[in-house]
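Each chain is listed here by its residues.
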Amino acid sequence: MSSESPVKGIVLAGGSGSRLHPLTRAVSKQLMPIYNKPMVYYPISTLMLAGVRDILVITTPHDQDGFRRLLGDGRDLGLRIDYAAQPRPEGLAQAFVIGRSFIGGDRVALALGDNIFYGAHFSDYLRAAAARESGATVFAYQVRDPERYGVVELDASRRPVSIEEKPSRPKSSYAVTGLYFYDNDVVDIAAKLAPSARGEYEITDVNREYLSRGQLYVETLARGIAWLDTGTHESLMQAANYIQAIEERQGLMVACLEEIAYRMGYIDAAQLRTLACAMQSSTYGQYLLRIVSQES
């Protein structure tokens, strides 16, 4: 099966997860639960909503088997999921070096494995970014503590002026989120990067190169969209509580891959029913069965 999307997707789910020790000494951070789903479901759902069907999951070497058991080859969801290993956490831009053969001559979207997005019209942002055939698109989000992130400065017309990685004196309150869309030039740009002072191949340096070319596009996410970065014990709990509150209130699931695959036309009702029946003793499977029964 091949992808129908002109954009391939990478989920970067490597790293040591040291900020979450001792939890992550036994299991990858991206396999840990955010309420009722593994964390990695959330970035995969983001890529699916952008129309991406070919996905490379980059993991640590020793965690890869767990991801394979969870996701398989993606066929059940109408996807194609491949795997690659990041032996050491040497920066986000390393994903394009590791994934070079996977990307081939296509455009690519990178989603960090610990970032969660949710909100009205977010799919519109994704489709617009996926449709842009040249340049790079990043998503900016206003935060209280921008010094923890890559920070983008915008002019009066909302065009990017500068971008810095974890600046001590941020020039704006807009953080660059963990979701990026690039044309195929990113493969060569990433390959030519030199490590930063902290020994990493920085995604900010990639974005700065596109900025120098006049090809960096910044989408500022509206206040009604939530962006959650689940890198600490506190943020893990906050994300789980947030997802639970939404799902309990609405009766709808966030980042339910089987439902998204069905809504996007990647699988049909019969395939959805088969997936649901395999999990029918769980509330997750029962939710899928309700979808099938309501729409059949």
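Undergrad: Got a minute to help me understand the pattern of salt bridges in this structure?
TA: What the rule picks out here adds up to 21 salt bridges. The salt bridge partner of Glu 165 is Arg 198, with a shortest N-O separation of 3.5 Å. Remark: Arg 198 occurs in the loop between helix H6 (185-191) and helix H7 (203-212) and Glu 165 occurs in strand S10 (residues 160-165); sequence separation between them is 33 residues. Residue class for Arg 198 comes out partly exposed when judged on its relative accessible area of 44%. The structure contains a network of salt bridges with shared partners spanning Glu 165, Lys 166, Arg 198, Glu 200 and Glu 202.

Undergrad: Sorry, what's going on with helix H8 (residues 233-250) here?
TA: Three or four residues apart is the spacing at which side chains of an α-helix point the same way, because the helix has 3.6 residues per turn. Taking 1.5 Å as the rise per residue, H8 with 18 residues should run 26 Å; its terminal C-alpha atoms sit 26 Å apart, in good agreement. Three or more residues of H8 are buried, namely Ser 235, Leu 236, Ala 239, Ala 240, Ile 243, Ile 246 and Glu 247. In an axial view of H8, the angular spread of the buried residues amounts to 135°, which keeps them on one side of the axis. Residues of H8 that are exposed and angled more than 90 degrees away from the buried face: Glu 234, Met 237, Gln 238, Glu 248 and Arg 249. The inward-facing, buried residues of H8 contact strand S2 (33-34), strand S3 (37-38), helix H1 (41-49), strand S7 (115-119) and strand S13 (225-229). Phi turns positive, to about 75°, at Gly 251, one or two residues after H8.

Undergrad: Where do I start with helix H5 (residues 122-131) in this structure?
TA: Phe 122, Tyr 125, Leu 126, Ala 129 and Ala 130 are the residues of H5 that are buried. Seen end-on, H5 carries its buried residues on one side only, within an arc spanning 125°.

Undergrad: Help me out: how do you make sense of the environment of Asp 188 in this one?
TA: Tracing the chain through its elements places Asp 188 in helix H6. Asp 188 gets classed as partly exposed once you look at its relative accessible area, which sits at 38%. Within polar-contact distance, the side chain of Asp 188 engages the side chain of Arg 100 at 2.7 Å.

Undergrad: Hey, could you run me through unusual backbone geometry in this one?
TA: Trans is the common state for peptide bonds, and a negative phi is the common state for residues other than glycine. Omega for the bond connecting His 21 with Pro 22 falls within 30 degrees of zero, at 10°, which places this linkage in the cis form. In this fold, Pro 22 is placed in the loop between strand S1 (7-13) and S2. For Arg 158, which is not a glycine, the phi torsion comes out positive at approximately 65°. For Arg 158, a relative accessible area of 41% corresponds to the partly exposed category.

Undergrad: Even after reading the chapter, I still don't get the environment of Met 253, so can you show me in this structure?
TA: In this fold, Met 253 is placed in the loop between H8 and helix H9 (257-263). Judged by its relative accessible area of 14%, Met 253 falls in the buried class. When the C-alpha positions of Met 253 and Thr 230 are compared, they lie 19 Å apart, and in sequence the two are 23 residues distant.

Undergrad: Which parts of the structure should I look at to understand the environment of Tyr 41?
TA: When you line up the elements, Tyr 41 lands in helix H1. Among the residues examined, Tyr 41 registers a relative accessible area of 10% and is labelled buried. C-alpha separation for the pair Tyr 41 and Ile 116, spaced 75 residues apart in sequence, amounts to 9.3 Å. Beyond its immediate chain neighbours, meaning those up to four positions away, Tyr 41 contacts Leu 70, Leu 71, Ala 255, Leu 257, Glu 258 and Tyr 284.

Undergrad: Looking at this structure, I do not really get the packing of aromatic side chains. What am I missing?
TA: A ring pair, where both rings are aromatic, is described by two values, the distance of the centres and the angle of the planes. Following the criterion strictly, the structure yields 8 aromatic pairs and no others. Centroid distance Tyr 149 to Trp 227: 5.3 Å. Interplanar angle 55°. Geometry classified as tilted. With Tyr 149 in the loop between strand S8 (136-142) and strand S9 (150-154) and Trp 227 in strand S13, this residue pair connects regions lying 78 residues apart in the sequence. Accessibility assignment for this pair places Tyr 149 and Trp 227 in one class, buried. In this arrangement the basic side chain of Arg 53 is found over the ring face of Tyr 266, its NZ or CZ atom lying 4.1 Å from the centre. In this structure, Arg 132 is placed above the aromatic ring of Tyr 217, and the distance from its NZ or CZ to the ring centre is 4.3 Å.

About the criteria used
Residues numbered from 1 in each chain as written. Predicted model: local features only at pLDDT ≥ 70, side-chain atom pairs only at ≥ 80, totals over all residues. Heavy atoms only, no water. Salt bridge = Lys/Arg side-chain N within 4 Å of Asp/Glu carboxyl O. Helix = DSSP H or I, 4+ residues; strand = E, 2+ residues; numbered from the N terminus. Buried < 20%, exposed > 50% of the residue type's maximum accessible area, 1.4 Å probe, protein only. Expected span 1.5 Å × (residues − 1). Arc of directions from axis to C-beta. Contact = heavy atoms within 4.5 Å. Polar contact = N/O pair within 3.5 Å; in protein donor to acceptor, adjacent residues only side chain to side chain. Phe/Tyr/Trp six-rings, centres within 6.5 Å; stacked < 30°, edge-to-face > 60°. Lys NZ or Arg CZ within 6 Å of the ring centre and 35° of its normal.

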